[in-house]
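Listed here are the chains, written in short residue letters.
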Amino acid sequence: MYRTSQRHLTEWSQRHDRKPLVVRGARQVGKSTLVRQFAAAQGLTLWEINLEQHHELAPAFASLDAATILRDVGLALNRPGVGQGPGVLFLDEIQAIPQALSALRYLYEQRPQLPVIAAGSLLEFTLADAAISMPVGRVEYHFLGPMTFEEFLLARGEDLLAQSLEGQSHEQSFSPAAHERLNSLLREYLLVGGMPEAVAAYGAVGDFAAASRVHRSILSTYADDFGKYTKGIDRDRIRRIFEVLPTQLAQKVRFNRFHPDWRAADIRRCLELLIAAQVASSVTHVDASGVPLGAEEDPTVFKLFHLDVGLAANASGSGQLSLADFQSGRFVNEGVLAEQFVAQQLLSTQPPDQKPRLHYWQRGGSSSNAEVDFICAHGREVLPIEVKAGASGALRSLHQFMLKHPGKTALRFDLNPVGVRQVQTDVQTAAGPKSVHYRLMNLPLYVASSTLLSGLNL
C-alpha cells in the first residue's frame, strides 16, 4: 500500500545535512512498513532491529558510543558490517530502550554519513516517565497518521479516481458517475478508516467484518500499551479517557464528561499525553482575526478527535453495522464521523516535519452555540470550513463568523457536487439586522484531502 510519506523519506535521505529521523505516530499507522518500503524503493540495505525484542542492547546505547552500538546491533542481528556501505539503520520501537533516544545525537555526530531512522509508539509516555529528553537540534521528525482517503483509493485499486482527485480543480465538478462512486467509497472509508491493517483486511475479502476485527484488536493493543508505558501515570485514568473519547468527538471538552469525580487537572494531563502521542488530536479555539492562527489560540477551549475514523466508528458501536446498512441509512453519529474524517484529512495536509495543529471558532469562545468546525490559513486569508454529513443544512454559524470576520470566501463540505455561489443575507444582532456577503465554495467531502488548500483559487 503506497504512502505519500515515501517521497518525504527519499528527500530526507538525499540531503547532505540530514539528521537522524524520528518517525512519530500511534501504533499500527504503518511506521515500520513505511521505512521498509522506502529502503526497498531506494535499493538500500536495511539494518532493522526491534528494541522491544532486544533489551540486552540497553548498555550499548547507554555507552553513547556509535562503534559500540553498531557492533552490538550487528551481533543481535547476526549480520556483520552494520553501518558500512549504502544502507539505513532502523531502530524500531525505540521507546523500549529510552537511552537509545539520547544515543541518536551521538550516532549523528560520530557517524554523520549513516542514515538513521527511529520509530516508536507512545514516545511521549516514555519521555514523561524516564529521565530522558529528545536530543534537540540533533534529530528531525516525521509525523505519520493513518492512510488518507487518496491512499485508501489506491489500496482499493481505484487509481483513476485517486488521480482525478489529485488533478481536479476545485471549481470544476466531477462527472455524475465519478461523484456517485467517490461518495460510495467515502462511506466505505468512514467505517474502514485508514489503519493499514484494517484497509488490507477489508480489501482482501471485501467484508467490513474483517476490518472490524482488526479495529477491535488495535483498540485492545492500545489499552495494553497504556499499561506498559505509563509506570508513573494513572493507567486506569488513561484507559478510561481513551474508552470515553469516541463519545466526545467534535464537542468542546468538558472534563466532567470523562469522569465526574476526577480532578480536571488529572484529566487534562492524561488528555495532553494522548494528544502528544497522536492517539487523539485536539482542535483549539481561535478568534481568527488574522494569521498566524496559532498566535491567538485559547488552550482552555478545544475539541477532541480520535486517531482514526474507522477506530472511532467501531468504538462508538458503528462497527456492529454492515456496510450495506451504513451505505443506505442515516445514523445519529454520521455528522461526527464526517467531521472526524475532515479533521484527519486536514492533519494530512500539514508539513510532516511539524507537529499537526488544527483550529476552530466559537462565538464568545466558551458559551455560544455558534461554531465553525475548522479554521485554516490560506496565505494571508482566514478560511472558515463547515462540515455536513448530508446534502443540506443551515449556514447560521458561517453567517455569524463572516459578519465578525469580513472575508471573501468560506468553505462547506457535504455530499453535494462542486458548487460556488454568492451568499447575501441579514444576520440578527443586538443592534438589529446586519447584512453579510461572501462567496461560498461547496465541495464534496471526498476532496478534503492533501490537495484541499493547494488547489483553491481565492
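Keep in mind that this is a model prediction, so the values were computed, not measured.

About the criteria used
Residues numbered from 1 in each chain as written. Predicted model: local features only at pLDDT ≥ 70, side-chain atom pairs only at ≥ 80, totals over all residues. Heavy atoms only, no water. Helix = DSSP H or I, 4+ residues; strand = E, 2+ residues; numbered from the N terminus. Buried < 20%, exposed > 50% of the residue type's maximum accessible area, 1.4 Å probe, protein only. Areas by Shrake-Rupley, 256 points an atom, 1.4 Å probe, with all protein chains shown as cover. Axes fitted to C-alpha atoms, helices over the stretch in contact; angles between N-to-C directions. Parallel < 35°, antiparallel > 145°, perpendicular 65-115°, else oblique. Contact = heavy atoms within 4.5 Å. Nonpolar A, V, L, I, M, F, W, Y, C, P; charged D, E, K, R; others polar. Phe/Tyr/Trp six-rings, centres within 6.5 Å; stacked < 30°, edge-to-face > 60°. Lys NZ or Arg CZ within 6 Å of the ring centre and 35° of its normal. Pairing = 2+ DSSP bridges. Left-handed = near helix turned anticlockwise from the far one by under 90°. Arc of directions from axis to C-beta. Polar contact = N/O pair within 3.5 Å; in protein donor to acceptor, adjacent residues only side chain to side chain.

Once that is clear, we can look at the overall build of the chain. Helices and strands together make up the secondary structure of the chain, namely 17 helices and 13 strands. In the chain, buried positions account for 55% of the 458 residues. Within the structure as shown, the chain displays about 19,200 Å² of accessible surface, and the carbon and sulfur contribution to it stands at 48%.

Here we come to the packing of helix H12 (residues 235-244) against helix H13 (residues 264-276). Look at H12 against H13: their axes get within 10 Å of each other, and the N-to-C directions meet at 70°. Judged on the interaxial angle alone, H13 and H12 are roughly perpendicular. Between H12, through Arg237, Ile238, Ile241 and Phe242, and H13, the contact on the second element is made entirely by Asp266, Ile267, Cys270, Leu271, Leu273 and Leu274. Of the residues that constitute the contact of H12 with H13, the class distribution is eight nonpolar, no polar and two charged.

Looking now at the packing of aromatic side chains. This model, assessed by the stated rule, comprises 11 aromatic pairs. Ring plane angle 75° and centroid distance 5.5 Å describe the contact between Phe174 and Tyr446, whose orientation is recorded as edge-to-face. With Phe174 in the loop between helix H8 (159-167) and helix H9 (176-192) and Tyr446 in the segment after strand S13 (432-444), the pair connects residues that are 272 residues apart, well separated along the chain. Feature note: the residues Phe149, Phe152, Tyr189 and Phe341 constitute an aromatic cluster, connected by ring pairs. When the ring centre of Trp262 is taken as origin, the NZ or CZ atom of Arg237, which lies over that ring, is 5.2 Å away. The aromatic ring of Tyr360 is capped on one face by Lys303, whose charged end is 4.5 Å from the ring centroid.

Another point: the pairing of strand S8 (residues 358-362). Note on strand geometry: in a regular strand, side chains alternate between the two faces of the sheet. Counted residue by residue, S8 has five buried out of five residues, so it is predominantly covered. Pairing between strand S6 (residues 280-286) and S8: three bridges, direction parallel. Looking at the pairing, Val283 lines up with Leu358 of S8. Relative to strand S9 (residues 371-378), S8 is paired through three bridges, and the arrangement is antiparallel. Within the sheet, the bridge partner assigned to His359 lies in S9 and is Ile375.

Remark: helix H1 (residues 5-13) packs on helix H2 (residues 31-42), axes separated minimally by 10 Å, with the N-to-C direction vectors making an angle of 60°. By the angle class used here, H1 and H2 are oblique. Like other packed secondary-structure pairs, H1 and H2 cross with a definite hand, here right-handed. Listed contacts from H2 to Ser5, Gln6, Leu9, Thr10, Trp12 and Ser13 of H1 are Leu34, Val35, Gln37, Phe38, Ala41 and Gln42.

Attention shifts here to H12. For H12, the full list of buried residues reads Arg237, Ile238, Ile241, Phe242 and Val244. With its buried residues spanning 165° around the axis, H12 presents them on a single face. Turned more than 90 degrees from where H12 packs its buried face, Asp236 and Glu243 sit exposed.

The next subject is the side chain of Glu93. Among the secondary structure elements, Glu93 is positioned in the loop between strand S3 (87-92) and helix H5 (99-110). Among the polar contacts made by the side chain of Glu93, one reaches the side chain of Arg27 at a distance of 3.2 Å. Looking at Glu93, its side chain comes within polar contact range of the side chain of Gln95, at 2.7 Å. Glu93 has contacts with Arg27, Asn50, Leu51, Glu52, Ala119, Gly120 and Ser121, leaving out every residue within four places of it along the chain.

Reading across from one edge, S2-S3-S4-S1-S5 is the order of the five strands in this open sheet, with parallel pairing throughout. Unpaired on one side and paired on the other, strand S2 (45-50) and strand S5 (140-143) mark the two borders of the sheet. Strand-to-strand twist across the sheet, computed as the mean angle between neighbouring axes with direction ignored, equals 20°. The pairing of S3 with strand S4 (residues 116-120) spans three bridges and is classified as parallel. Opposite Leu91, over in S4, you have Ala118 as the bridge partner. Contacts from H2 reach strand S1 (21-24), S2, S3 and S4 within the one sheet, and its direction differs from that of S3 by about 175°.

Moving on to the sheet that holds S13. Spatial ordering of the open sheet is given by S7-S6-S8-S9-S10-S11-S13-S12, a layout of eight strands whose pairing is mixed. The outermost strands of the open sheet, each flanked by one partner alone, are strand S7 (297-306) and strand S12 (419-429). Neighbouring strand axes in the sheet, compared pairwise and without regard to direction, differ in orientation by 40° on average. Against the sheet, H13 engages S6 and S7, with an angle of about 60° to S7.

Geometric descriptors of this kind do not, in isolation, establish any biological role.
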